[in-house]
Amino acid sequence: MASISGVCSPSSAVRLRRSLPVPYSVHLRHIRPLRSVADLHRSSSASSAPSADASLPVEKVEKRSIEKNPINLWHRYVDWLYQHKELGLFLDVSRIGFTDEFFDLMEPRLQKAFVAMQDLEKGAIANPDEGRMVGHYWLRNSKLAPTSFLRLQIENTLDSICKFANDVISAKIKPPSPAGRFTQVLSVGIGGSALGPQFVAEALAPDNPPLKIVELKKTLALFLDSASHFPLHSSGRWLMALRKMLTSLAYIRCINVVCMSISGKMTSFAWQATRFKSMYFNFCFFVVCQIRFIDNTDPAGIDHQIAQLGPELASTLVIVISKSGGTPETRNGLLEVQKAFREAGLDFSKQGVAITQENSLLDNTAKIEGWLARFPMFDWVGGRTSELSAVGLLPAALQGIDIKEMLAGASLMDEATRLSVVKNNPAALLALCWYWASDGVGSKDMVVLPYKDSLLLFSRYLQQLVMESLGKEFDLNGNRVCSISFGWFLYDSSASQLAYLEHELLIKDFQCMEIKEARTSMREYIQQLREGVHNFFVTFIEVLRDRPPGHDWELEPGVTCGDYLFGMLQGTRSALYANDRESITVTVQEVTPRSVGALIALYERAVGIYAQLVNINAYHQPGVEAGKKAAGEVLALQKRILTVLSEASCKLPVEPLSLEEIAERCHVPEQIEMIYKIIAHMAANDRALIAEGSCGSPRSIKVYLGECNIDELLA
Ligand SMILES: O=P(O)(O)OC[C@H]1O[C@](O)(CO)[C@@H](O)[C@@H]1O
């Protein structure tokens, strides 16, 4: 929250957008009044007979002007409001203008999608390319797993995660260094093997630094010494004193947990003192680790993380996460970290943990090198839906996050999203809205706006889930899908921690306005949102609870800081809608392990249902594979260039080569531009390659090697 104007801004903005035009027919926007709310309500019931012309393809449904009458809108809001009582989660789709006619046409498709989802949950082969099941739903309810073997696997893995995390936190498992306990976790992974843990850490990790047990011991000893002189008679006062003393250490969240767990049981001071001693031991279980991530192959980024760890590398648990076990970015990260360990005189194997498929390259490496622990990734869990497997659960547990609560939240949401009454199924409602808003062909960007800093990374997490699942070229029948249809592409605003929606919107769409002006006041902000290019629909993520109970205060009479954030969200929603910008609002009571688990499950299911609606396979990733292959080809070309240069440079006299000559000798004249880029990159990094001439005029460049030991160069 960087604005000093007091205007709250969304925590992050992600826009997923179309790349190609949509068919003309779906752009038609005829102005025709909506039917009455009562009609809408009637048609929304799953049991009601479809009233629309079933022969009309859903894509031909006309888009009418959206309802603007405030009273009708209120009724629409109330009629469509979804609430999950136990989860404290609401979904408001009233500001998406789908009509009853559209709903009726979609209803049979949704019913078909529900059946497909049921099959999926029963273990149907949902990824025909890889011949595998898709079972992330079983992770949160192992009874659903199609075989008892799988059920046991799930349960045993969860047990071993909990045990390992507890042992690390209580220092039963410790690093060899004198530090005596693990204080940091470094997670190495990418894509689905990084984004979930990052999102959850940002959302749920305790605010405070890891407890330093030495410091704690000292303070507790002092307290115990003086405890006998305390004139405290009631457990309430005793607790208050205890809380005050411990919170002075600034570990508020942990302390609350401990104090709550022992309150109400204390009667006498003697007993209190005993409890206090035992609490000291319990308290050790709350000594959690901080987490850092290496999620790219950017050497400077890796160096930064390692430098930030500094001497704490000796007490860092390194978790390497890769389902395939062979992803180059992750392998590179691992090799870099291992090098840092070697240079610091540390034994990596004593601090390394692998999360990967059995017998993958990574698994075998961890086995051979005798790493501290290995946890399985199951082939029936895709990377982008792996947050509630060991991938997300182990890092979360190490940070003291209640992973069973996360699983419970997801499980409750799974139950809710299995229902076949569309109106009672929040994932189906989301999929329906996406289809309406983007015409089923990705004609609009999806902007995800979490209005809570702790949910900053939710949009980035969704990026991977949605784009990799829905950005497909071919449908299930092998037909090329209409334009790029289901791909929503991301504008990643997270580079700016300020995460301004307006920043993104301004740069991309609102060319007429200055970015700075957008920050000055809410009025200009809304002005710009309303009048910019209309190529998006919004999902607001709202959190009702501003601060933990008892911590809020009024910064002006009757108004808290959270009220501003709330006002910003509501004001933006209203202003956007007034100018025909549709929005969905997902509301949770609080950001808790349970609500985070529920949000993850909600979107996993919505993506699955939407994929069914548009007849694509959400569970394979041919595009990603192509990208990985392309990267490999560039590296192969680099090796060929080095071989050619070596032959020319090891002659006497040395023969400098032009780019054309290199391309010809590599037998790829058409790759001359790539050859130039490879050489420019190597030259910029002081590799054993000398490029004479000007980079600005590539034709002038002559290249040779400064040394001619090709084996060393290729090593
Ligand atoms: O877990 P792996 O096999 O290293 O793959 C990492 C990620 O890379 C991707 O292939 C692309 O980001 C994802 O599908 C996957 O989650």
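Keep in mind the model is a prediction, meaning the values are calculated, not measured.

A word on helix H21 (residues 593-613). Since the α-helix packs 3.6 residues into each turn, any two residues three or four apart lie on the same face. For H21, which comprises 21 residues, the first-to-last C-alpha distance of 30 Å matches the rise-based estimate of 30 Å (1.5 Å per residue) to within 8%. At the exit of H21 stands Asn615, carrying a positive phi of roughly 60°.

Around the ligand sit 13 residues in total, of which Ser322, Lys323, Ser324, Thr327 and Glu468 are the nearest. Separating an oxygen atom of the ligand from a side-chain N or O atom of Ser322 is a distance of 2.6 Å. One of the side-chain nitrogen or oxygen atoms of Ser324 is found 2.7 Å away from an oxygen atom of the ligand. In isolation the ligand offers 390 Å² of accessible surface; the protein chains occlude 87% of this area. Elements with a minimum of two residues in the shell around the ligand: helix H16 (458-470) and helix H22 (622-649). Its residues assigned to classes, the shell around the ligand comprises 2 nonpolar, 8 polar and 3 charged.

What follows deals with the packing of H16 against H21. Interaxial distance between H16 and H21 falls to 10 Å at its minimum, and their mutual angle equals 25°. In terms of orientation, H16 and H21 fall into the roughly parallel class. In this structure, H16 crosses over H21, and the sense of that crossing is right-handed. Contacts between H16 and H21 involve Phe458, Tyr461, Leu462, Leu465, Val466, Ser469 and Leu470 from the first element and Leu599, Ile600, Tyr603, Glu604, Val607, Tyr610 and Ala611 from the second. Tallied by class, residues from the contact of H16 with H21 come to 12 nonpolar, 1 polar and 1 charged.

Attention now goes to the domain arrangement of the protein. Looking at the assigned domains, one finds that the protein contains domain 1 (1-102 + 417-617), domain 2 (174-208 + 291-371), domain 3 (218-287) and domain 4 (623-714). In this complex, domain 1 contributes 14 residues to the contact, which on the side of domain 2 involves 10 residues. Overall, the association of domain 1 and domain 2 removes approximately 1,000 Å² of surface from exposure, summing both partners, and the carbon and sulfur fraction of that is 78%. Summed over the shared surface of domain 1 and domain 2, the number is 0 salt bridges. At the junction of domain 1 with domain 2, the criterion picks out 1 residue pair in polar contact (both at pLDDT 80 or more). Put simply, the parts of the chain that give the side of domain 1 that touches domain 2 at least two residues each are H16 and H21.

We now examine the packing of aromatic side chains. Applying the stated rule across the entire model yields 18 aromatic pairs. Ring geometry for Phe341 versus Phe348: centroids 5.2 Å apart, planes at 85°, classification edge-to-face. Across the pair, exposure class does not vary: Phe341 and Phe348 are buried alike. One aromatic cluster is present, built from ring pairs that chain together Phe102, Phe199, Trp434, Tyr435, Trp436, Phe458, Tyr461, Tyr603 and Tyr610.

In this structure the tally under the stated criterion is 17 salt bridges. Close ionic contact of Arg418 with Glu121 constitutes a salt bridge, the shortest N to O distance being 2.9 Å. Placement of the pair is Arg418 in the loop between helix H14 (403-416) and helix H15 (426-437) and Glu121 in helix H3 (residues 100-122), with a sequence separation of 297 residues. On the basis of relative accessibility, which here comes to 29%, the residue Arg418 falls in the partly exposed class. With relative accessibility at 7%, the residue Glu121 sits in the buried group. A salt bridge links Glu405 to Arg594, with the nearest nitrogen and oxygen atoms 2.8 Å apart. Here Glu405 is found in helix H14, whereas its partner Arg594 is found in helix H21, with 189 residues between them in sequence. Residue Glu405 is classed as partly exposed on the basis of its relative accessible area, which comes to 27%. Owing to a relative accessible area of 24%, Arg594 belongs among the partly exposed residues under this scheme. Through salt bridges with shared partners, a single ionic network connects Glu121, Arg140, Asp414, Arg418, Glu604 and Arg605.

Definitions and cut-offs
- Residues numbered from 1 in each chain as written.
- Predicted model: local features only at pLDDT ≥ 70, side-chain atom pairs only at ≥ 80, totals over all residues.
- Heavy atoms only, no water.
- Helix = DSSP H or I, 4+ residues; strand = E, 2+ residues; numbered from the N terminus.
- Expected span 1.5 Å × (residues − 1).
- Near = heavy atom within 4 Å.
- Polar contact = N/O pair within 3.5 Å; in protein donor to acceptor, adjacent residues only side chain to side chain.
- Areas by Shrake-Rupley, 256 points an atom, 1.4 Å probe, with all protein chains shown as cover.
- Nonpolar A, V, L, I, M, F, W, Y, C, P; charged D, E, K, R; others polar.
- Axes fitted to C-alpha atoms, helices over the stretch in contact; angles between N-to-C directions.
- Parallel < 35°, antiparallel > 145°, perpendicular 65-115°, else oblique.
- Left-handed = near helix turned anticlockwise from the far one by under 90°.
- Contact = heavy atoms within 4.5 Å.
- Domains from an automatic or database assignment.
- Buried area = accessible area lost by both parts, 1.4 Å probe.
- Salt bridge = Lys/Arg side-chain N within 4 Å of Asp/Glu carboxyl O.
- Phe/Tyr/Trp six-rings, centres within 6.5 Å; stacked < 30°, edge-to-face > 60°.
- Buried < 20%, exposed > 50% of the residue type's maximum accessible area, 1.4 Å probe, protein only.

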